[in-house]
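Listed below are the residues making up each chain.
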Amino acid sequence: MKARKTSTSSSRTSGQTRKTAKTAARPRTRARKVRATRAAAAETPETPPPAETAASPSPKPKRAARTKKTAATETQSAAPASVEPAPASPKKRSASTRATSKRTSPATPPTPEPPAPASAEPAPEPKRPRVRRTAAAATTSASGEAPAPKPSTRKPRAPRVPKLPPILFEPDEPAPPPVSGPGEKFALGPTPPESRAELSEPELPEAYGTKRLSLTPCDPHRLYAWWDLTTEQQARFNRASADGHLVLRIFSGAASGSPALEIHLHPESRFWFVRVEEANAPYTAELGYYRRAAGGARRWTRVAVSATAHTPPETISTEAALEFVTLPAEVPLPEIRALAGRPGREARPITALAGELRRSGHPLFQPAAPPGPTPWTPERQRALEELVVQTAGRPTAPGSIEIGERVRPGAERGAPVVGPAVEQPGPLPASPAGALWNVSSPAGGEAPLARGFWLNVNAELIVYGATEPGASVSVGGQPVKLRPDGTFSCRFALPDGQYELPIVATSPDRAETRAALLRFSRATTARGEVGAQPGDPNLKPPTPRNA
Amino acid sequence: MQGYFALILHAHLPFVRHPEHEKFLEESWLFEAVTETYLPLLQVLEGWARDGVTGRLTLSLSPTLCTMLTDPLLQGRYERHLRGLIELAEKEIRRTHWERAFHELAWMYHHRLTGLRDTWRAYDGNLVAAFRKFQDAGRLEIITTAATHALLPLLGHHAPTLRAQILTARDHYRAWFGRDPRGFWLPECAYAAAIEPFLQEANIRWFVVDAHGLLHAEPRPRYGVFAPVFTPDGLAVFGRDPESSRQVWSRHEGYPGDLRYRDFYRDIGFDLDFDYVRPYLPSPDHRGFTGLKYYRITGGTGAKEPYQRAAALQAAAEHAGHFLNARVAQIQKLARAMDRPPIIVAPYDAELFGHWWYEGPEFLDYFVRKAAFDQNTFALITPDDYLREHATHQVARPAPSSWGEEGYYRVWLNETNAWIYPHLHAAQERMTELARKFVDPPPLLERALKQAAREVLLAQASDWPFILRTGTSPDYARRRVKDHLVRFLTLYEQLRKRRVDARWLREVEQRDAIFPDINVAYWA
């Protein structure tokens, strides 16, 4: 993973955390191997292989194609990543991609991209996605831009590329999950269970062919766009495209005028994570392609347009208008509409109707006098704003899923943290330093040594025997339940020490008794650090008196 | 009283029920939560009732959890599980005879487990009825959440789907608790304005958002998170208080990391001989948690030290006292600055208390008792109590947000799980198509229609993308999403052709047996 970061300028690419169905099931050792190999190739900027389709019947990109594409991007320099490429399927994923962004002048209408070097039929090799950041959103530096390819009528020579081992293109495991305590309700052990082969999976359709484009905000600066095209539909558009692939345009506001972003997609991508500049702003996506027109021009063809999505705000609003309403808790909300003479699904908000009721003098909707000790004053306002601002910003309070790095076992743990730094009302009374990173413990063993090799040894004692069914047996003075055939067994932890264990059996008619006294000794010597659990030196032998 | 404190526990687990297997690994999520959280919480409530402790608590019980807690198959399996645990504790008492520290712990577990069995039997294994009893007695306010805990803002603002998630939950709440819910737990505190018309339709009066969801409201709320606002649709919105959250969660101030507390991961299911623990493992072929854990967090990287129950309870008492003092100081400071009594809202996942933080129920117990007897700065109330006391509030529209990582939706929408949503959107639209097409279908088609609705709801659970992201059981989560969607698509095709495979339908009904009275008209 780090190898990728060496050549990436800013935002994380999807390959850094992406994991898909198939890869999730792989043993961790393999993932580590992949990472190790990647580390060795740290100087090679990586580019994803084309995304693969979800359903098996569709043709899958071949390894050779992946290698070629990687080579093509090796010639690119690092560029600000403003998009995060997405895989095409839940089962496979493409590796990370760095997008190229390009600025244009604010006054410049969207100029057609130079024609792609390859002809549209057959579709050219998958290209690295390009992002053209137009003036509307391009306010950041675009240093490291890759030059746009020059128009050419010649079919380009296949680039000569070093052959990279296919394992380099295998997916990574995702970053350690930020799970917290309650998130651990899904924990099945210190590590996830092994993949269960019996969970054979049904297959979903790869797509439904509605040609819909959907846009969803993930956070103030990230949008998730997906489009519903079957493999055949997508291949048809790709063939019609002068670039051999579809293009995603992101507009500030409605889908008109110059797009803020233009993203050249992988030919088989079905969704994309897009970074955008503005929080609390509307964005619309448009999916389409450039087709070659007469005279070498390129003409935009729309495939789908999304509904407008609004990114969430990330700051406190400057709008400070104050409107208070009274909504009596005992009056159901639909009844408020009826009271206001506007039953049913009337468009006016309930609070507006409550305001009308207040103005009309309805007793239930009159505001109560502030119950505070003194009236509202500018001093109070300032004092309160100071307190409110202290709670602002993210992350202010870890959510239900945020402190995972502090509770995950073993090597995934982060750096040690200090104990309680209590702000108020005083230090915790006699509380030892609690470090959440220590909450976890590797499965069943002590902390491994520096090289990771370790040994834990312990011993148990199993005493077993048989007597007449119906007899009574005690071991160490405690009665033992016999099995129907008269057999019994007992298990004891056996720390270092010397022990005696009396066993007594009494016949069913209580007339006869048999007894045995077993003596045991355990002494452990260790070479190197060996986990051991020596017994309490003060422990007395388990005679009936001591039991 | 200068202010109020509202403690909200959100209890939820996804619907996991596999009659086709004798023992199923993921069913242990429920069994562990019952043993470590839900039954201990009931014991704490019983103690408050017995000792006349005043103060009200809010408990969110998800419809999927209620379904499982009232399901005879799972109730029977839990009894078997609890019986096995007690048997294991008995064996441990004998086995640890020469390991005195563990021996005492084995006795502790045996004592606790038999006590839990008594509580279980006292309620005849029906924990929903048990919690209802405390609500009816005025000690709890129970609220509901989306039917299958779907992350509502990611449902594409598809109105029929949002309506179905909310009204299905409302309907089943009525059946379980004999009244309408007043509050609604937004799954993962994820808010988007599109859900409000349906909350209003369900006569929901309040919900909670994370602090920034309220602080970033439009216009800015004068009182921050220390008083609710009304949305234009008339719903009261409370904001999660960061400070009280931080004291439980923070790496610097969080209580559960105290070295005296029990270690969550170190379990005899991993420590002891496999053949010995095998009969008590959640899955007989894999090591897993038994619930018997003998070590405390300890600290450092050396060997773990044995858990000492008395020291851990002392820590819980100290932390409860500290938490109380912090709330008193916080409310006193706020009261000086506000012209109305502030309310501090502190929501937590219920499973934090007991399952992960083993001493959590004792912390709650000590805190509430101290709040009831040792101070008179604030009252422990529920948000609905507050609204009944104070009906005048500022009008503002909260900001889209969640309490997840970074405060938005990335936990549930990222590279590991984004593939789910196109399928969900297709399914929910097809469900609406079916609901509009079949208004009064014959019985077999009606059954198929209802089952199709159940499958859509089950596929929408936020737990599956969450688990795919966290990797705790990704194979299972992926399989569940696909199973429900494929079953839905099969039903969709059968309904379209009006040729329902009755035998297969019965199998599916028995397997995904949830929401028996589901109302398909909500999708129309």
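Along every chain, residues carry numbers that run from 1 in the direction the sequence is written. Each chain gets a letter, beginning with A, and each ligand a number, beginning with 1, in the order they are written. With pLDDT at 70 or above as the cut-off, local features in this predicted model cover only qualifying residues; side-chain atom pairs require 80 or more to be listed or tallied, and sums for whole chains, interfaces and linings still use all residues. Hydrogens and water are ignored here; the side-chain numbers use all heavy atoms of the structure.

### Examining the overall build of chain A
Point 1. The way it works is that DSSP assigns letters per residue, a run of H or I at least four long becomes a helix, a run of E at least two long becomes a strand, and they are numbered from the N terminus. What chain A contains, in helices and strands, is nine helices and 17 strands.
Point 2. Burial analysis of chain A (547 residues in total) assigns 49% to the buried set.
Point 3. Relative to all contacts within chain A whose residues are 6 or more apart in sequence, the contacts with residues 24 or more apart total 69%. Exposure categories follow from relative accessible area, calculated using a 1.4 Å probe and restricted to protein chains: below 20% of the type maximum is buried, above 50% is exposed, and the middle band is partly exposed. The contact rule is simple, with two residues in contact once any of their heavy atoms fall within 4.5 Å.

### A closer look at the overall build of chain B
Point 1. Across its full length, chain B holds 19 helices and 10 strands.
Point 2. Evaluated residue by residue, chain B yields a buried proportion of 74% over its 524 residues.
Point 3. Counting only contacts in chain B whose residues sit at least 6 apart along the sequence, the fraction spanning at least 24 positions is 79%.
Point 4. Looking at chain B as shown, the accessible area adds up to about 14500 Å², and 48% of this sits on carbon and sulfur atoms. Each accessible area is a Shrake-Rupley result for a 1.4 Å probe, and residues are judged covered by the shown protein chains and nothing else.

### Points about the nonpolar core
Point 1. Nonpolar core, defined: a set of buried Ala, Val, Leu, Ile, Met, Phe, Trp, Tyr and Cys residues in which side-chain atoms within 4.5 Å join the residues together. Grouped together as the largest cluster of nonpolar side chains are 227 residues, with contacts concentrated most on Tyr38, Phe131 and Tyr348 of chain B.
Point 2. Broken down by element, the residue count for this core peaks at 12 residues, all from helix H1 (residues 28-51) of chain B.
Point 3. Those residues within four positions of Tyr38 of chain B in sequence are excluded, and the remaining contacts are Ala11, His12, Leu13, Ala33, Leu65, Leu69, Leu127, Phe131 and Glu351 of chain B.
Point 4. Grouped together as the second largest cluster of nonpolar side chains are 24 residues, Leu213, Leu215, Leu246 and Ala309 of chain A included.

### Comments concerning helix H17 (residues 463-470) of chain B
Residue and element names in this part refer to chain B.
Point 1. Buried residues dominate H17, accounting for eight of its eight residues.
Point 2. The set of residues buried in H17 consists of Asp463, Trp464, Pro465, Phe466, Ile467, Leu468, Arg469 and Thr470.
Point 3. Residues of H17 that are buried sit in contact with H1, helix H15 (420-437), helix H16 (443-459) and helix H18 (474-496).
Point 4. Looking at the residues trailing H17, positive phi occurs at Gly471, about 75°.

### Description of the environment of Arg506 of chain B
Point 1. Looking at the element boundaries, Arg506 of chain B is found in helix H19 (residues 502-511).
Point 2. Along the chain, Arg506 of chain B and Gln451 of chain B lie 55 residues apart, while their C-alpha atoms are 9.6 Å from each other.

### Here's the deal with the pattern of salt bridges
Where charged atoms of side chains with opposite charge meet at close range, the side chains can pair.
Residue and element names in this part refer to chain B.
Point 1. Put simply, a salt bridge is a Lys or Arg side-chain nitrogen that is within 4 Å of an Asp or Glu carboxyl oxygen. Taken as a whole and judged by the stated rule, the model has 56 salt bridges over all chains.
Point 2. Between Arg50 and Asp51 there is a salt bridge, and its shortest N-O distance comes to 3.2 Å.
Point 3. When its relative accessible area of 37% is taken as the criterion, Asp51 is described as partly exposed.
Point 4. Notably, a salt bridge pairs Asp233 with Arg397, separated by 3.9 Å at the nearest N-O pair.

### Some points on the sheet that holds strand E16 (residues 497-506) of chain A
Two orientations exist for strands paired in a sheet by backbone hydrogen bonds: parallel and antiparallel.
Residue and element names in this part refer to chain A.
Point 1. When DSSP finds two or more bridges between two strands, those strands count as paired. Spatially, E14-E13-E16-E17 is the arrangement adopted by the four strands of the open sheet, whose pairing is antiparallel. Edge positions in the sheet fall to strand E14 (478-480) and strand E17 (513-522), since each of these pairs with one other strand and no more. The mean inter-strand angle of the sheet, taken between neighbouring strand axes irrespective of direction, is 25°. With axes taken as lines fitted to C-alpha atoms, and helix axes fitted only over the stretch in contact, angles between N-to-C directions fall between 0 and 180 degrees.

### A few points about the side chain of Ser462 of chain B
All names here are of chain B.
Point 1. Tracing the backbone shows Ser462 in the loop between H16 and H17.
Point 2. By relative accessible area, which is 2% here, Ser462 ends up buried.
Point 3. What qualifies as a polar contact is a pair of N or O atoms within 3.5 Å, subject to a donor-acceptor requirement within protein and to the restriction that residues adjacent in sequence count only when both atoms come from side chains. One polar contact links the side chain of Ser462 to the main-chain carbonyl oxygen of His149, over a distance of 2.8 Å.
Point 4. Dropping the residues within four chain positions of it, Ser462 is found in contact with Thr148, His149, Ala150, Leu151, Glu188 and Trp412.

### Observations regarding the packing of H18 of chain B against H19 of chain B
All names here are of chain B.
Point 1. Where H18 meets H19, the axes come as close as 12 Å, and the angle between the chain directions of the two elements is 145°. At the point where H18 passes H19, the crossing takes the left-handed sense. Residues Arg487, Thr490, Leu491 and Gln494 of H18 form the contact with H19, whose own contacting residues are Trp504, Leu505, Val508 and Arg511.
Point 2. When grouped by side-chain class, the residues that make up the contact of H18 with H19 number four nonpolar, two polar and two charged. Should the near helix be turned anticlockwise from the far one by less than a right angle, the crossing is left-handed, and should it be turned clockwise, the crossing is right-handed. Residue polarity follows a fixed list, in which Ala, Val, Leu, Ile, Met, Phe, Trp, Tyr, Cys and Pro are nonpolar, Asp, Glu, Lys and Arg are charged, and the others, Gly among them, are polar.

### Let's talk about the pairing of strand E9 (residues 298-305) of chain A
Residue and element names in this part refer to chain A.
Point 1. Relative to E9, strand E8 (residues 282-292) is paired through seven bridges, and the arrangement is antiparallel. Directly across from Arg292, in E9, lies its bridge partner Arg298.
Point 2. Linking E8 back to E9 in an antiparallel pair, the connection comprises five residues, with Gly295 at a positive phi of about 75°.

### What to know about the pairing of strand E13 (residues 472-475) of chain A
Residues and elements named next belong to chain A.
Point 1. In this structure, E13 lies alongside E16, joined through four bridges in antiparallel fashion. In the strand pairing of E16, Val473 is matched with Ala505.
Point 2. Sheet topology note: the E13/E14 ladder contains three bridges and is antiparallel. Paired with Val475 across the bridge in E14 is Gln478.
Point 3. Hairpin connection, E13 to E14: the antiparallel pair is bridged by two residues, and Gly476 has positive phi, about 60°.

### Examining the environment of Met1 of chain B
All names here are of chain B.
Point 1. Inspection of the secondary structure assignment puts Met1 in the segment before strand E1 (3-11).
Point 2. Residue classification places Met1 among the exposed positions, given a relative accessible area of 63%.
Point 3. Along the chain, Met1 and Ala379 lie 378 residues apart, while their C-alpha atoms are 6.6 Å from each other.
Point 4. Residues within four places of Met1 in sequence aside, it is in contact with Asn376, Thr377, Phe378 and Ala379.

### As for the packing of H16 of chain B against H18 of chain B
Residue and element names in this part refer to chain B.
Point 1. Relative to each other, H16 and H18 sit at 155°, their axes nearing to 8 Å. Accordingly, the angle class assigned to the pair H16 and H18 is roughly antiparallel. Crossing geometry of H16 relative to H18 is assigned as left-handed. Judged by residue contacts, Leu445, Ala448, Leu449, Gln451, Ala452, Glu455, Val456, Leu458 and Ala459 of H16 engage Arg480, Val481, His484, Leu485, Arg487, Phe488, Leu491 and Leu495 from H18. Angle categories are assigned with fixed cut-offs, so that under 35 degrees is roughly parallel, over 145 is roughly antiparallel, 65 to 115 is roughly perpendicular, and the rest are oblique.

### Topic: H15 of chain B
Point 1. The end-to-end C-alpha separation of H15 of chain B is 26 Å, in line with the 26 Å expected for 18 residues at 1.5 Å each.
Point 2. Burial analysis of H15 of chain B places 13 of its 18 residues in the buried class, which makes it a mostly covered element. By this rule the span expected of a helix is its residue count minus one, scaled by 1.5 Å.

### What to know about unusual backbone geometry
Working note: non-glycine residues mostly have negative phi, and peptide bonds are mostly trans.
Residue and element names in this part refer to chain B.
Point 1. Note that the residue after Glu218, namely Pro219, is joined by a cis bond; omega there is -5°.
Point 2. By secondary structure assignment, the location of Pro219 is in the loop between helix H8 (211-215) and strand E6 (229-230).
Point 3. Its identity as a non-glycine residue notwithstanding, Glu188 has a phi of 60°, on the positive side.
Point 4. For Glu188, the location among the structural elements is in the loop between strand E4 (183-185) and helix H7 (196-201).
Point 5. Its relative accessible area of 10% is what places Glu188 among the buried residues.
Point 6. The phi angle at Arg498 is positive, at roughly 55°, despite the residue not being glycine.
Point 7. Relative to the assigned elements, Arg498 resides in the loop between H18 and H19.

### Section: the packing of aromatic side chains
Two measures describe an aromatic ring pair: the distance that separates the ring centres and the angle between the ring planes.
Point 1. When two rings of Phe, Tyr or Trp (its six-membered ring) have centres within 6.5 Å they constitute a pair, described as stacked for plane angles under 30 degrees, edge-to-face for angles over 60, and tilted for the intermediate range. In this structure the tally under the stated criterion is 40 aromatic pairs over all chains.
Point 2. Considering the side-chain rings of Tyr4 of chain B and Tyr386 of chain B, the 5.4 Å spacing of their centres and the 85° angle between planes classify their relative orientation as edge-to-face. Separated by 382 residues along the polypeptide, Tyr4 of chain B in strand E1 and Tyr386 of chain B in helix H14 (residues 383-389) bring together distant segments of the chain. Note on accessibility: Tyr4 of chain B and Tyr386 of chain B belong to one class, buried.
Point 3. Three or more aromatic residues joined by ring pairs form one cluster here, namely Phe5, Tyr255, Tyr261, Phe323, Tyr348, Phe353, Trp357, Phe363, Phe367 and Phe378 of chain B.
Point 4. For a ring to carry a charge above it, either NZ of a lysine or CZ of an arginine must fall within 6 Å of the ring centroid while also lying within 35 degrees of the normal to the ring plane. Directly above the aromatic system of Phe273 of chain A lies the positively charged group of Arg222 of chain A, at a separation of 4.1 Å from the ring centroid.

### Description of the side chain of Ser474 of chain A
Point 1. Position of Ser474 of chain A relative to the elements: it lies in strand E13.
Point 2. Judged by relative accessible area, Ser474 of chain A falls into the buried class, the value being 19%.

### Quick word on the confidence of the model for chain A
All names here are of chain A.
Point 1. Residues at a pLDDT of 70 or more form 49% of chain A, whose mean pLDDT is 65.
Point 2. The pLDDT value tells you how sure the predictor is about a given residue, anywhere from 0 up to 100. Taken as a whole, residues 176-182 scores under 50 in pLDDT and shows 31 contacts with residues more than four places along the chain or in a different chain.
Point 3. Throughout residues 395-449 the model reports pLDDT below 50, and contacts reaching past four residues in sequence, or to other chains, amount to 180 contacts.

### Here we look at the environment of Arg205 of chain B
Point 1. Relative to the assigned elements, Arg205 of chain B resides in the loop between H7 and strand E5 (206-209).
Point 2. For the pair Arg205 of chain B and Leu387 of chain B, spaced 182 residues apart in sequence, the C-alpha separation works out to 8.8 Å.
Point 3. If we ignore the near neighbours within four places in the chain, the residues touching Arg205 of chain B are Leu327, Pro328, Ala329, Val331, Pro332 and Leu333 of chain A together with Arg182, Leu235, Ala236 and Leu387 of chain B.
Point 4. Side-chain polar atoms of Arg205 of chain B contact the backbone oxygen of Pro328 of chain A, separated by 3.3 Å.

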